[in-house]
Amino acid sequence: MVLPVTTANNVKVYTVSGGLGSRSIPDWLVRKKKKALKKDFEYRTRVELLQDFEFPEASNCIRVTRDGNFAVATGTYKPQMRVYEFAEVSMKFERHTDAETITFELLSDDWTKSALLQNDRSIELHAQGGIHYRTRVPKFGRSLAYHFPSCDLMVGAAGNEVYRLNLEQGRFLNPIETDATDGVNCIKINPAHQLFGFGASNGTVELWDPRSRARVGLLSQLPLPRSLESDMTGGGVEVTALAFRQDGLNMAVGTSTGHTLLYDLRTSVPYMVKDHQYGFPIKTVHFHDSAAAAGHGTDASSSESKVVVADKKIVKIWDRTSGKHFTSIEPETDINDVCMVGEQSGLIFTAQEGIQMGAYYVPALGPAPRWASFLENLTEEMEENPNRDVYDEYKFVTRKELSLLGLDHLMGTNVLKAYMHGFFVDLRLYEKAKLIANPFEYDDYKQRKIRDKLEKDRASRIRAKEKLPQVNKQLAQQLLKDTNNTKKKDAAAQLMQDDRFKDLFADPEFQVDTDSKEYTLLHPRSNTSFGHGNRDHSDDDDEEEEEEQSAPLRAEPMDDDDDDEDDVMGGSSMDDESDDQDVAPPKSQQKSQHRVQKPARGKKVTMQSERRFKSSENKSFGARLKSSKTAKANEGHRVSRTAMGGMEMSFKSKHAGKSKPKRK
């Protein structure tokens, strides 16, 4: 099992839980395919900081109790609230509600008393045993805050009024009327002097004194970049998040444009404006003071304080005084809420749109809480590191490669480690030897790359493609290929468009059947497709003449594919001259000829056969005249089959009818 770790800005962030996002398996699927999960590597190697730290669909809000012993979270679907006990590292119980919870506040130091603001304009007050009371507000609520000294539960809604529900008296008090006509988005109470802060939809921040219930401060114009003025459509900048520091003097304001402004309450001008760079509204802002972060800065007082800002995409942590980026956390799913576990710890909880809630540990930000002290050792032991092979720094070479590199004289030394049919050599030595043996390898590689790129560019050029008809496509392609001349090619194209012949390439009834017997008889030398094995007729005539001159006896044409026993084979010849004067046929034709040898008086009788039907329509007059003369010369030579499967041969002597020369 390993813990995923990221090192943004050289600061390690360990994903303790929630790294799978919505990859977590639902309960019904776990019960259905429990055996199949044993083979799931991600499911078996998961790490659970808190057992069942998830919701069936998504989580909306998460809080840690003030005593630091419990965590309370709300989510859906079905709408419910879950309480986790840190001492048991597991879920204590879950409680379902009638509507989805927008936000909630803990009214006590532990989980026993809480107030839930729901999306149906209702407020539920929960006690240890369950729901205690339920009431409604006139308008849809957006934020919730509890003032401990006066027991007032303040609700920010869609109107300009902030409703006050006094839990001691059990009734609504007079609301606080603000100048926010579009509603109050967020409410925060200063922990030092209990000053109320209201962030409005019209881009203002109002500060109210709880003692006099009057407004004591107003931030009406937030100093944002002018480039945002032209980008904003529909409305202005809204204040979406507020936070007060424990010292009571610093305030953070988050806007809908993704900017964070840090104010000193004694001035109306921010001393720090930070852009979140994503353009999404700021969800939460937190001040984090930790002594562990002092090691990452020069001044201890300035580097101890960090600001944790989150939108729906990313959580960014940066220095409060200098604005220098510290680190960032980017979950796989959208963020709904962020909670700091303890005031000075480095553990962060996130409520996300995925099934699992996120738990991230940043050792540089602070130590782990006491109940999770095992994280400090666990993160180092289970850190996800790439496995380094033993032979990463060595290269395996054979004996032949070793001799080519000129390192064969090192055999038998400690530099080479013999292994199987070769050796392991140090990678640095191998690279140096390879560079010395072939110093121009890089130049060859560069030229090869350039050549490949040029060939790739040539292949990507647009090439004109000839449009061939659907009918007799191979015949049309043969007509265009046979004419190398441009004028003849144009004439062939016009021939295909002629009214007298265009039906040959348009009507399927004129499709040439290359598998028919008639086509095979008319085209014995060609295959079943046009243009394959095609040769010029002049070449065929020349070959015929060579064959006729080389072979004294020529067999009549015979079709090899014909199985009829009565077919007549071509003539065969038997020379009367000596073996030294025999002329063999060309080698290119010996493979396709059948020889029949019959010894007679030391002479060879050679029978040669060719294809029976040969097209002579395209022969020239001279070629046909030579063929007729050759046929007359071979007249009387005949080879035929008998009915019993035998063979008869008749031939005429070459010197018949001629008188023998007289001896002197």
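Description of the structure in this document. These figures come from a predicted structure and were not determined experimentally.

1. Focus on the packing of aromatic side chains
- Applying the stated rule across the entire model yields 10 aromatic pairs.
- Between Phe 396 and Tyr 419, the ring centres sit 6.5 Å apart and the planes meet at 90 degrees, which makes this aromatic pair edge-to-face. Placement of the pair is Phe 396 in strand E30 (residues 394-398) and Tyr 419 in strand E31 (residues 417-419), with a sequence separation of 23 residues.
- Its relative accessible area of 40% is what places Tyr 419 among the partly exposed residues.
- One residue, Arg 121, lies across the ring of Phe 140, its end atom 5.8 Å from the ring centre.

2. Observations concerning the pairing of strand E6 (residues 90-96)
- Bridge analysis of strand E5 (residues 80-85) against E6 gives 6 bridges, and the strand direction is antiparallel. Residue Met 81 lies in a different strand from E6, and its bridge partner there is Arg 95.
- Between E5 and E6, which pair antiparallel and follow one another directly, the connecting turn spans 4 residues, one of which, Val 89, has a positive phi of 50 degrees.

3. Quick word on the nonpolar core
- Counting 25 residues, the largest nonpolar core has Leu 49, Ile 62, Leu 347, Phe 349, Trp 371 and Leu 375 as its most contacted members.
- Mapped onto this core, the elements with two or more residues apiece are strand E2 (11-17), strand E3 (58-64), strand E4 (70-76), strand E28 (347-352) and strand E29 (358-361).
- In terms of residues, this core owes the most to one element, E28, which gives 3 residues.
- Discounting residues that sit within four places of it in the chain, Leu 375 has contacts with Val 16, Leu 49, Leu 347, Tyr 361 and Ala 368.
- One finds Val 13, Ala 310, Ile 317 and Leu 365 within the second-largest nonpolar core, a separate group that totals 16 residues.

4. As for unusual backbone geometry
- Of note, the bond from Thr 76 into Tyr 77 is cis; its omega dihedral lies within 30 degrees of zero at -5 degrees.
- Here Tyr 77 is to be found in the loop between E4 and E5.
- Note that the residue after Tyr 77, namely Lys 78, is joined by a cis bond; omega there is 15 degrees.
- On the secondary structure map, Lys 78 appears in the loop between E4 and E5.
- One non-glycine residue, Asp 52, lies in the positive phi region at around 60 degrees.

5. A look at the sheet that holds strand E8 (residues 114-118)
- Read from one edge of the open sheet, 4 strands run E7-E8-E9-E10, paired in antiparallel fashion. Of all strands in the sheet, those with a lone pairing partner are strand E7 (101-106) and strand E10 (131-136), marking the two edges. Recorded for the sheet is a direction-independent mean angle of 20 degrees between the axes of neighbouring strands.
- Two elements, E7 and E8, share 5 bridges in a ladder whose sense is antiparallel. Each bridged residue has a counterpart across the sheet, and for Phe 104 the counterpart in E8 is Leu 116.

6. Structural notes on the environment of Asp 289
- Structurally, Asp 289 can be placed in strand E23 (residues 284-289).
- Expressed as a C-alpha distance, the spacing of Asp 289 and Arg 245, which sit 44 residues apart in the sequence, is 9.3 Å.
- Apart from the residues within four sequence positions on either side, Asp 289 is in contact with Arg 245, Glu 304, Ser 305, Glu 343 and Gln 344.
- A polar side-chain atom of Asp 289 sits 3.4 Å from a polar atom in the side chain of Arg 245.

7. Description of the environment of Thr 135
- Position of Thr 135 among the secondary structure elements: in strand E10.
- Note on Thr 135: relative accessible area 14%, which makes it buried.
- Sequence spacing of Thr 135 and Arg 121 is 14 residues, and the spatial spacing of their C-alpha atoms is 8.6 Å.
- Once residues within four sequence positions are removed from consideration, Thr 135 is found in contact with Arg 121, Ser 122, Ile 123, Leu 165 and Phe 172.

Cut-offs and rules
Residues numbered from 1 in each chain as written. Predicted model: local features only at pLDDT ≥ 70, side-chain atom pairs only at ≥ 80, totals over all residues. Heavy atoms only, no water. Phe/Tyr/Trp six-rings, centres within 6.5 Å; stacked < 30°, edge-to-face > 60°. Helix = DSSP H or I, 4+ residues; strand = E, 2+ residues; numbered from the N terminus. Buried < 20%, exposed > 50% of the residue type's maximum accessible area, 1.4 Å probe, protein only. Lys NZ or Arg CZ within 6 Å of the ring centre and 35° of its normal. Pairing = 2+ DSSP bridges. Core = buried A, V, L, I, M, F, W, Y, C linked by side-chain atoms within 4.5 Å. Contact = heavy atoms within 4.5 Å. Axes fitted to C-alpha atoms, helices over the stretch in contact; angles between N-to-C directions. Polar contact = N/O pair within 3.5 Å; in protein donor to acceptor, adjacent residues only side chain to side chain.

Function cannot be inferred from these measures alone, as they are strictly geometric.
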